[in-house]
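Remarks on the overall topology
Spelled out, the chains give:
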Amino acid sequence: MRLADKVALITGAGSGMGKAAALLFAAEGAAVAAVDIDEAAAVEVAREITGNRGKAFGMRADVSNPADAQRMVEETVKRFGKLNVLYNNAGIEGEANLTANFSLEGWEKVIGVNLRGVFLGMKYAIPEMIKAGGGSIINTSSTAGLSGVRGGCAYAASKHGVIGLTKTAALEYARRNIRVNAICPGPIATPLLERIAGFQKSREVTVQSMGANTPAGRPGAPEEIAKVALFLASDEASYANGGVFAIDGGQTAS
Amino acid sequence: MALLKDKVALITGGGSGIGRATALIFAREGARLVLADLNRQGAEETAAMAEKAGAQAIAIQCDVLKAAAVEDLVNQTIKQFGRLDCAFNNAGVAGDLARTAESTEECWDFVVGIDLKAVWLCMKYEIAQMLKQKSGAIVNTASIAGLGANPLGIAYCASKHGVLGLTRTAAVEYARIPIRVNAVCPGVTQTPMVDAGIAKRPKMRQTFEKIHPMGRLGRPEEIGEAVAWLSSDAASFVTGIPLPVDGGFTAI
């Protein structure tokens, strides 16, 4: 069991990559705090884990809200006694508009969840990891953290920013045995990508066709990201710190 | 031939440091200038210096965090000079020195507001005007902290990385117009912002000098020269790039 005796908090655990990671981490022995803004989805994922004799609980949190971010960490420590792994995965795509047409509300929403939310998660989790003698933080960036995205100025700004957060925290806490890494998924078949495909006016754009544009010729599966997160969460990745891992079927190489 | 002859250029954070030095280089290169700063006196001083150098220049006090103020800034530029060719979105703050777990939400919101959101707000209204003209060149001030870690300044690092996301996105969105959008990534530069940091921790000067292979801090005008080039037609096929001007910092 690659995460035996570890306690992992996963945000955005109710669907997509977060859900896949919650199930995989639990199968590898972790006690999982499944956090999502959709409480029913989080609870359902936790139920699936406990139904398979794993350890988990589900709870609601809006990661952009400091009180919620603090509470999710406190609740995890209260239930499982410590915190070893934080997977800051909750994210939203936001509106699709060119930079000059993007709305102020849309900007605040995307930056709030995707950037402020990652900062707050780290801010409250790090003291617990220091108490535990170390830990691993995984932040979900995106290929949009490495390149521009038409119609997604706030999304690209937030995902670029996540890489800045990752590298800075990695250096600050390297001697405290806390590792901080970022994953940059390409097009992964998740509810979020389905919504993005829905933005396109042409009906031909689907999750499949977005994946077809990568060198791999297909979208990734959430489980293919979860396996990378598992590696980064585990002690196998003990020398991986401040890394930015593009898991994108070759997209950023092209 | 002057690099920016007859161009109308808007510079935020024009009242000091890199903004002021860039204004004077733009003046030398023939641009007409709108100097915006939260500090009215600083902007007016820079305008006077630019005029002394033979350029037309006006100073406008502006809080770039407020959408209405930024919109008005662009409107005033058009009222004064009739167009907007170049924009240098340069206003920025450093924030408190603290590790991630000790960083406050207040500091986070302050730094991300000015260093990231305000850059987007400026672009939003500048681009609207440039679309009418079907041309324009924007330069955003990122930093070496937009390309790598920045211990004790996580909000600054997140913001400056984010500026590169904005820069690349707007560059691809408006490439066909063409509106060019680039970023300059200064190393640690001898400005009032950096001086304020060094005043708090004098040993930081030596550290700053050591981290640059050239063994010294940058001079504001060394950043300004790069901005003038990126803003000019000499860089007509350059868009979406982060240009480090950092004494070799990012080479190691």
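Keep in mind that this is a model prediction, so the values were computed, not measured.

The next subject is the sheet that holds strand E3 (residues 57–61) of chain B. Pairing between sheet strands relies on hydrogen bonds along the backbone, with the strands arranged either parallel or antiparallel. Residue and element names in this part refer to chain B. Pairing within the open sheet is parallel, and its seven strands lie in the order E3-E2-E1-E4-E5-E6-E7. The open sheet has two free edges, formed respectively by E3 and strand E7 (242–245), since each of these has just one partner strand. Strand-to-strand twist of the sheet, defined as the mean angle between neighbouring strand axes without regard to direction, takes the value 20°. Pairing of strand E1 (residues 8–12) with strand E4 (residues 86–89), which is carried by three bridges, proceeds in the parallel orientation.

Residues and elements named next belong to chain A. Once the domains are mapped, chain A shows domain 1 (7–185 + 222–247) and domain 2 (188–219). Taken together, the contact between domain 1 and domain 2 spans eight residues of the former and eight residues of the latter. Looking at the side of domain 1 that touches domain 2, the elements that each hand over two or more residues are helix H1 (16–27) and helix H8 (222–233). For the side of domain 1 that touches domain 2, a count of residues per class yields five nonpolar, two polar and one charged.

As a further point, take the interface of chain B and chain A. You'll often see interface size given as the accessible area lost when the parts meet. Taken together, the 36 residues of chain B in the interface contact 36 residues of chain A. Only helix H4 (105–133) and helix H5 (154–173) of chain B provide two or more residues apiece to the side of chain B that touches chain A. A per-element tally of the side of chain B that touches chain A places H5(B) first, with 16 residues. Considering only residue class, the side of chain B that touches chain A consists of 19 nonpolar, ten polar and seven charged.

For H5(B), spanning 20 residues, the distance from its first C-alpha to its last is 28 Å, which sits close to the expected 28 Å at 1.5 Å a residue. Counting buried positions along H5(B) gives 19 out of 20 residues, so the element sits mostly inside the fold.

Quick look at the nonpolar core now. In terms of nonpolar packing, the biggest core is built from 163 residues, with A:Ala8, A:Ile10, A:Ala22, A:Phe25, A:Val32, A:Ala34 and B:Leu33 touching the most fellow members. The element best represented in this core is H4(B), accounting for 14 residues. When we break this core down by domain, the ones giving at least three residues each are domain 1 (7–185 + 222–247) and domain 2 (188–219) of chain A. The residues contacting A:Ala22, other than those within four sequence positions of it, are A:Ile10, A:Ala13, A:Val32, A:Ala34, A:Val45 and A:Ile49.

Okay, the confidence of the model for chain B next. For chain B, per-residue confidence averages 97 on the pLDDT scale, and 100% of positions sit at 70 or higher. For this predicted complex, the interface confidence score (ipTM) comes to 0.92, while the overall pTM stands at 0.95.

Reading the values: the criteria
Residues numbered from 1 in each chain as written. Chains lettered and ligands numbered in written order. Predicted model: local features only at pLDDT ≥ 70, side-chain atom pairs only at ≥ 80, totals over all residues. Pairing = 2+ DSSP bridges. Helix = DSSP H or I, 4+ residues; strand = E, 2+ residues; numbered from the N terminus. Axes fitted to C-alpha atoms, helices over the stretch in contact; angles between N-to-C directions. Domains from an automatic or database assignment. Contact = placed C-beta atoms within 7 Å. Nonpolar A, V, L, I, M, F, W, Y, C, P; charged D, E, K, R; others polar. Expected span 1.5 Å × (residues − 1). Buried ≥ 20, exposed ≤ 12 C-beta atoms within 10 Å, placed from the backbone. Core = buried A, V, L, I, M, F, W, Y, C linked by C-beta atoms within 7 Å. pLDDT = per-residue confidence, 0-100.

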